[in-house]
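Here is how the chains run, residue by residue.
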Amino acid sequence: MKPFWLVAKYVEDLRRREPKNVGVILFADGNVYPRFLGMRDGGRLDRRVLRWMGSAANYAAWVQYWTDAVACTPVEQWRDLLKRSSDDNYFLEVGGERLFGGFTDRQTADDFADMLFATLVGTPAPGALNVAQLTEALLARLDISERVERDFSLQIPSSPDNIRFDYRFDNGATHLMKRVSLSVPGDRAWEQLHAAAWTFEKAKSAPADKEMSLIALVRTRPEDDDLHRQMAVLGERSTIIDVGEPEKAASVMKAVLHLSA
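Now for a description of the structure that goes with this document. It should be emphasised that the depicted structure is a prediction, and the values quoted were computed from it without experimental measurement. (Residues numbered from 1 in each chain as written. Predicted model: local features only at pLDDT ≥ 70, side-chain atom pairs only at ≥ 80, totals over all residues. Heavy atoms only, no water.)

Next up on the list: the pairing of strand β9 (residues 239-242). In terms of strand pairing, strand β8 (residues 212-219) meets β9 through four bridges, oriented parallel. In the sheet register, Ala 216 faces β9, and the bridge partner there is Ile 240. Handedness of the β8-helix α5 (residues 225-237)-β9 crossover: right-handed. (Pairing = 2+ DSSP bridges. Helix = DSSP H or I, 4+ residues; strand = E, 2+ residues; numbered from the N terminus. Right-handed = clockwise from strand over helix to strand, strands pointing away.)

Below you can see the structure in the form of structure tokens.
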């Protein structure tokens with residue numbers, strides 16, 4: 001069965017019937033991947049991002065209900081999840097189907113669920129998302145999600161191995177992007193930095209038939225001495241876009257990729 005998804009909706013005023021998308025549920029590879037507004041890793045809801053909602057408690061109850069229901073509903077019986085009366089504040093609708101199945105190790109069903117959430121629902125509080133989710137939300141905001149090639153492999157003549165970038169985008173020039181999480185201090189951040197720096201250095205030696213730009217998509221932590229040094233190393237080798245600052249990131253990305261206003 002090809003991957004498909006449902007969209008969770010909330011109607012604040014039943015008289016106006018103006019639903020707002022609040023989540024997506026992806027069915028893929030025999031598993032279920034739910035994404036809801038305010039949901040952090042582990043399924044916990046951060047109610048601070050739900051202040052616009054009439055009752056955060058009711059919303060939390062519905063998210064729990066849907067999460068439990070999809071966990072115990074055989075995938076072939078997914079239509080049972082849609083059997084709600086039309087006057088409910090909360091309901092599910094058929095969202096769509098991916099036209100081809102299967103995911104690579106680096107382009108997983110989790111990644112696709114994040115992209116769907118960013119496209120159909122929007123961006124919750126940045127602190128609730130990791131660097132991959134923030135990046136997918138940024139691409140959706142700029143309306144280029146479908147034009148970006150993911151898990152791009154670049155051949156380096158001087159190396160027996162290809163080097164990999166998370167994204168490639170062509171728009172007059174070739175833009176190669178790599179995610180770098182610097183949100184946690186210590187060895188893990190340095191490992192991420194060194195791997196990215198090596199990748200950017202190798203990419204500069206690759207032959208290119210047109211202009212090529214290298215972009216580091218980072219999520220940072222509160223500034224400290226190590227972070228200052230890490231950003232300096234990245235800045236020498238790439239253009240840095242901090243996806244943890246959505247407004248600024250969108251503006252910078254638009255300029256770097258030469259996107260029209």
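On to the environment of Lys 210, then. Here Lys 210 lies in the loop between α4 (187-203) and β8. For Lys 210, a relative accessible area of 35% gives the class partly exposed. In the structure, Lys 210 is positioned 36 residues away from Thr 174 in sequence and 7.1 Å away in space, judged by C-alpha atoms. (Buried < 20%, exposed > 50% of the residue type's maximum accessible area, 1.4 Å probe, protein only.)

Formed by 35 residues in total, the largest nonpolar core has its most connected members in Leu 26, Phe 27, Phe 36, Tyr 59, Trp 66, Leu 81 and Leu 92. Those elements that provide at least two residues to this core are β1 (4-10), β2 (20-28), β3 (31-36), α1 (56-72), β4 (90-97) and α2 (109-120). Of all the elements, α1 adds the most residues to this core, at seven residues. Not counting residues up to four positions away in its chain, the partners in contact with Leu 81 are Leu 6, Phe 27, Ala 69, Val 70, Thr 73 and Leu 92. (Core = buried A, V, L, I, M, F, W, Y, C linked by side-chain atoms within 4.5 Å. Contact = heavy atoms within 4.5 Å.)

The subject of this paragraph is the sheet that holds β3. One open sheet holds the four strands; their spatial order is β3-β2-β1-β4, and the pairing between them is antiparallel. The sheet is open, and its two borders are formed by β3 and β4, each paired with just one other strand. Between one strand and the next, the sheet's axes are offset by a mean angle of 20 degrees, whatever the strand orientation. Bridging between β1 and β2 involves seven bridges; their strand directions are antiparallel. Residue pairing in the sheet places Phe 4 in a bridge with Phe 27 of β2. (Axes fitted to C-alpha atoms, helices over the stretch in contact; angles between N-to-C directions.)

This part is about the environment of Asp 80. Take Asp 80: it is sitting in the loop between α1 and β4. A sequence separation of 10 residues divides Asp 80 from Val 70, and the C-alpha atoms of the two residues are 9.8 Å apart.

Moving on, we come to the side chain of Lys 9. Mapping Lys 9 onto the fold places it in strand β1. Given a relative accessible area of 12%, Lys 9 falls into the buried group. Polar side-chain contacts of Lys 9 include one of 2.7 Å to the side chain of Asn 21. Apart from residues no more than four positions distant in its own chain, Lys 9 is found in contact with Pro 19, Lys 20, Asn 21, Val 22, Trp 66, Asn 89, Tyr 90, Phe 91 and Glu 93. (Polar contact = N/O pair within 3.5 Å; in protein donor to acceptor, adjacent residues only side chain to side chain.)

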